[in-house]
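# Structural characterization, general
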Amino acid sequence: MSNIKIQSIAIIGKQNNPLYIKNFSLSHPDLKYHYIAHTSCDVIEERVGAVGSEAADTYLGLLYAMEDLDVYGYITNTRVKFVVVLSVTDAIKNTDMKNLFKRIHNAYINQVCNPFYNLDGKRSIVSKRFVAAIDAIGNMPSDGDDYDSS
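Residues numbered from 1 in each chain as written. Predicted model: local features only at pLDDT ≥ 70, side-chain atom pairs only at ≥ 80, totals over all residues. Heavy atoms only, no water.

Per an unreviewed UniProt entry, the recorded name for the chain is Trafficking protein particle complex subunit 2-like protein, and the organism is Rhizophagus irregularis. Recorded in UniProt under Sequence similarities (unreviewed entry), the annotation for the chain is "Belongs to the TRAPP small subunits family. Sedlin subfamily." (UniProt positions renumbered as here; feature names shortened; annotations may be inferred.)

## Describing the pattern of salt bridges
Considering all chains together, one arrives at four salt bridges under this definition. A salt bridge links Lys 22 to Asp 135, with the nearest nitrogen and oxygen atoms 3.5 Å apart. With Lys 22 in strand β2 (residues 18-23) and Asp 135 in helix α3 (residues 128-138), this residue pair connects regions lying 113 residues apart in the sequence. Residue classification places Lys 22 among the partly exposed residues on the basis of a relative accessible area of 25%. Under the relative-accessibility criterion, Asp 135 is labelled partly exposed at 21%. Taking the shortest distance from any N to any O, the salt bridge between Glu 45 and Lys 81 comes out at 3.5 Å. With Glu 45 in helix α1 (residues 30-51) and Lys 81 in strand β5 (residues 81-87), this pair connects stretches of sequence that are 36 residues apart. Look at Lys 81 and you get buried, because its relative accessible area is 1%. (Salt bridge = Lys/Arg side-chain N within 4 Å of Asp/Glu carboxyl O. Helix = DSSP H or I, 4+ residues; strand = E, 2+ residues; numbered from the N terminus. Buried < 20%, exposed > 50% of the residue type's maximum accessible area, 1.4 Å probe, protein only.)

Okay, here's the thing in structure tokens:
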């Protein structure tokens, strides 16, 4: 996964509200990634609607390319959406992207399993542990281990 340059990670709630958006880019403003995250919701809804209610794979692959960025999507069983924005580089393997989304999903699961986390889905995630886990994923220079909950 050394050729993956993450620009942004977004977690969107089941009502299409942003739960967490992190910008790892120094060249693009935060607002651009909020826009990308919200436009990705429409593409994800189209893909999930086309497949039907029983989607076999939660990894949605490349949603679209925009300027110098590629946007990838993932949806959980509870309809929470993960969006990762990457710099356009050489071809990226689907297995690398699936592993990246699994690490993000594991960090999200650890957050949701916190008994003090409010599951109403209307507030942003502000947990220091979750932010640290996402920062570790986004700033990872090469292959790494899965997020460890201990």
